[in-house]
Amino acid sequence: MKIIMLGAPGAGKGTQAKQIAEQYNIPHISTGDIFRANIKNGTELGKKAKEYMDQGLLVPDELVVDLVVDRIEKDDCQKGFILDGFPRTIPQAEALDAALAAKDMKIDYALDIEVPDENIIDRMSGRRSCRECGAIFHAKYNPPKSEGICDICSGELILRDDDKEETVKKRLDVYHEQTAPLISHYKSAGSLHEIDGTRHIDVVFDEIKSILEA
Ligand code: AMP
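All residue numbers refer to positions counted from 1 along the written sequence of the respective chain. With pLDDT at 70 or above as the cut-off, local features in this predicted model cover only qualifying residues; side-chain atom pairs require 80 or more to be listed or tallied, and sums for whole chains, interfaces and linings still use all residues. As a rule here, side-chain values cover all heavy atoms of the structure and leave hydrogens and water aside.

You'll find the protein chain entered in an unreviewed UniProt entry as Adenylate kinase, with Anaerostipes caccae given as the organism. Per UniProt, the comment on the protein chain under Catalytic activity (unreviewed entry) is "AMP + ATP = 2 ADP". UniProt positions are given in the numbering used here, feature names are shortened, and annotations may be inferred rather than shown by experiment. Entered under Pathway (unreviewed entry) in the UniProt record, the comment concerning the protein chain runs "Purine metabolism; AMP biosynthesis via salvage pathway; AMP from ADP: step 1/1."

Rendered as structure tokens:
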């Protein structure tokens, strides 16, 4: 089961991807998480990525494509994986298609979580991420058990720099310009499923399960 998540930043891709990975026992590969871990560890890749991320821009394709292609070739990905935050541009999608085609494989499901821009801005302002493990919560829609503290590792919950309002607006522009064209790419490939992401997390997840188990 090879799955990619599409949708604007803040549409709920990460939350759904984590649940899918757990339910179907496949690795969850988030390029945003990989970059954030690199930033935290002070790597060269982290330093380069941060310059773009802090401005709400995409990290250049050449810094992300090989990283993902190498990752999906690992043993734990052979029976499937869920990509969250990749591909984000047509060249990234083409590179992914080519890497899979070389092994006679393809993306089985492209799940597009649809949420209008105005809801995204409202959502992002309430979003809090764990400084330690990256888990995401929301003051209103997915609150942690104790305010400001991660349910999973007890780390501190913070507002990510790239979740600040001005950066979110920039990220939405970038999404419409560079990432939204992937919707027709996967529609032509026959793997696109459009899902209304404005509903409760559990309702969205139930719909995803019904798609994956159809
Ligand atoms: P995310 O956590 O998926 O929203 O990603 C956070 C940021 O990481 C994005 O705004 C981009 O700057 C960068 N990023 C993550 N994935 C990609 C990708 N596939 N291509 C380019 N930049 C990416």
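A. Quick peek at the nonpolar core. We define a nonpolar core as any set of buried Ala, Val, Leu, Ile, Met, Phe, Trp, Tyr and Cys residues linked to one another through side-chain atoms lying within 4.5 Å. Burial classes follow relative accessibility: with a 1.4 Å probe on protein chains only, a residue under 20% of its type's maximum area counts as buried, one over 50% as exposed, and anything between as partly exposed. In this structure, Ile-20, Leu-83, Leu-96, Leu-111 and Tyr-186 are the most contacted members of the largest nonpolar core, which totals 53 residues. Broken down by element, the residue count for this core peaks at six residues, all from helix H4 (residues 61–72). The contact criterion used is simple: two residues touch if any of their non-hydrogen atoms lie within 4.5 Å. Ignoring anything within four residues of it in the chain, the contact list for Ile-20 reads Ile-3, Met-5, Asn-25, Ile-82, Leu-111, Phe-205, Ile-208 and Leu-212. Of all hydrophobic cores here, the second largest spans five residues; its members include Cys-130, Ala-135, Phe-137 and Leu-157. Helix numbers and strand numbers start at the N terminus; a helix is a DSSP run of H or I with at least 4 residues, a strand a run of E with at least 2.

B. Highlighting the packing of helix H7 (residues 165–179) against helix H8 (residues 181–188). Orientation is described by lines fitted to C-alpha atoms, with helices fitted over the stretch in contact, and by angles between N-to-C directions that extend from 0 to 180 degrees. Here H7 crosses H8 at 35°, and the two axes come no closer than 5 Å. On the side of H7, the interface is formed by Tyr-175, His-176, Glu-177, Gln-178 and Thr-179, while H8 contributes Pro-181, Leu-182 and Ile-183. Any residue outside Ala, Val, Leu, Ile, Met, Phe, Trp, Tyr, Cys, Pro, Asp, Glu, Lys and Arg is labelled polar, Gly included; the first ten of those are nonpolar and the last four are charged. The residue makeup of the contact of H7 with H8, split by class, is four nonpolar, three polar and one charged.

C. Seen up close, the site of the ligand. When at least one non-hydrogen atom of a residue lies within 4 Å of a molecule or strand, that residue is treated as near it. Surveying the vicinity of the ligand reveals 16 residues, the closest of which are Thr-31, Leu-57, Gly-85, Gln-92 and Arg-171. Residue Thr-31 places a side-chain N or O atom 2.7 Å away from a nitrogen atom belonging to the ligand. N or O atoms within 3.5 Å of each other form a polar contact, as long as, within protein, one can give a hydrogen and the other can take it, and as long as residues adjacent in sequence are counted only when both atoms are side-chain atoms. Contacts to the ligand include Leu-57, whose backbone N or O atom sits 2.6 Å from an oxygen atom. Using a 1.4 Å probe, the Shrake-Rupley method yields the accessible areas, and only the shown protein chains count as cover for residues. In the complex, 96% of the free accessible area of the ligand, which totals 490 Å², lies under the protein chains. By residue number, the principal contributor to the shell around the ligand is helix H2 (residues 31–40), which donates four residues. Of the residues belonging to the shell around the ligand, the class tally is seven nonpolar, four polar and five charged.

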